[in-house]
Amino acid sequence: MNNEIHIGKLIQQKLKEQERSGAWLARKLFTDPSNVSKIIRKRHIDTELLLRISNVLEIDFFHFLSNYYKENRKNTAD
């Protein structure tokens with residue numbers, strides 16, 4: 001699974017696409033900017049937190065994970 005999803009990098013990418021900062025996300029999540037920095041470095045995060053981030057950024061990050069699962073499952077079935 002070399003192409004495993006790094007959810008933190010994906011969140012960082014979407015923040016950049018929306019021209020938003022980590023500090024902005026921290027304010028929306030009612031947390032410290034250092035926590036957002038930690039989130040962005042993580043490959044995996046808690047689903048409740050991912051749901052909150054999805055709501056703030058208006059992006060269904062679970063969709064990316066679901067697509068990854070389906071694609072990976074299809075590749076292993078071959």
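What you are looking at is a predicted structure, and each value in this text was computed from that prediction instead of being measured.

Chemist: Hey, could you go over the overall build of the protein chain for me, with residue numbers and the actual values?
Modeler: Scanning the protein chain for helices and strands turns up 5 helices and 0 strands. Listing the helices and strands of the protein chain from first to last along the sequence gives α-α-α-α-α. Reported as C-alpha extents along the three principal axes, the dimensions of the protein chain are approximately 45 × 25 × 20 Å. Counting across all 78 residues of the protein chain, residues that qualify as buried make up 29%. The contacts of the protein chain with a sequence gap of at least 6 include a subset with a gap of at least 24, amounting to 65%. Of the accessible surface of the protein chain, which amounts to about 5,700 Å², a share of 48% is contributed by carbon and sulfur atoms. On the protein chain, the mean spot of the 14 positive side-chain charges and the mean spot of the 10 negative ones are 4 Å from each other.

Chemist: An account of the packing of helix α2 (residues 22–29) against helix α4 (residues 47–57) is needed here, citing residue identities and associated values.
Modeler: If you want to describe how two helices pack, look at the angle between their axes and the distance between the axes. At their nearest, the axes of α2 and α4 sit 10 Å apart, and the two run at 110 degrees to each other. Taken together, the axis directions place α2 and α4 in an arrangement best described as roughly perpendicular. Crossing hand, α2 versus α4: right-handed. In this structure, α2 uses Trp 24, Leu 25, Lys 28 and Leu 29 to contact α4, whose residues at the interface are Leu 49, Arg 52, Ile 53, Val 56 and Leu 57. Per-class residue counts for the contact of α2 with α4 are 7 nonpolar, no polar and 2 charged.

Rules used throughout
- Residues numbered from 1 in each chain as written.
- Predicted model: local features only at pLDDT ≥ 70, side-chain atom pairs only at ≥ 80, totals over all residues.
- Heavy atoms only, no water.
- Helix = DSSP H or I, 4+ residues; strand = E, 2+ residues; numbered from the N terminus.
- Buried < 20%, exposed > 50% of the residue type's maximum accessible area, 1.4 Å probe, protein only.
- Contact = heavy atoms within 4.5 Å.
- Areas by Shrake-Rupley, 256 points an atom, 1.4 Å probe, with all protein chains shown as cover.
- Lys, Arg positive; Asp, Glu negative; His and termini not counted.
- Charge placed at Lys NZ, Arg CZ, Asp CG, Glu CD.
- Axes fitted to C-alpha atoms, helices over the stretch in contact; angles between N-to-C directions.
- Parallel < 35°, antiparallel > 145°, perpendicular 65-115°, else oblique.
- Left-handed = near helix turned anticlockwise from the far one by under 90°.
- Nonpolar A, V, L, I, M, F, W, Y, C, P; charged D, E, K, R; others polar.

In short, shape yes, function no, at least from these values alone.
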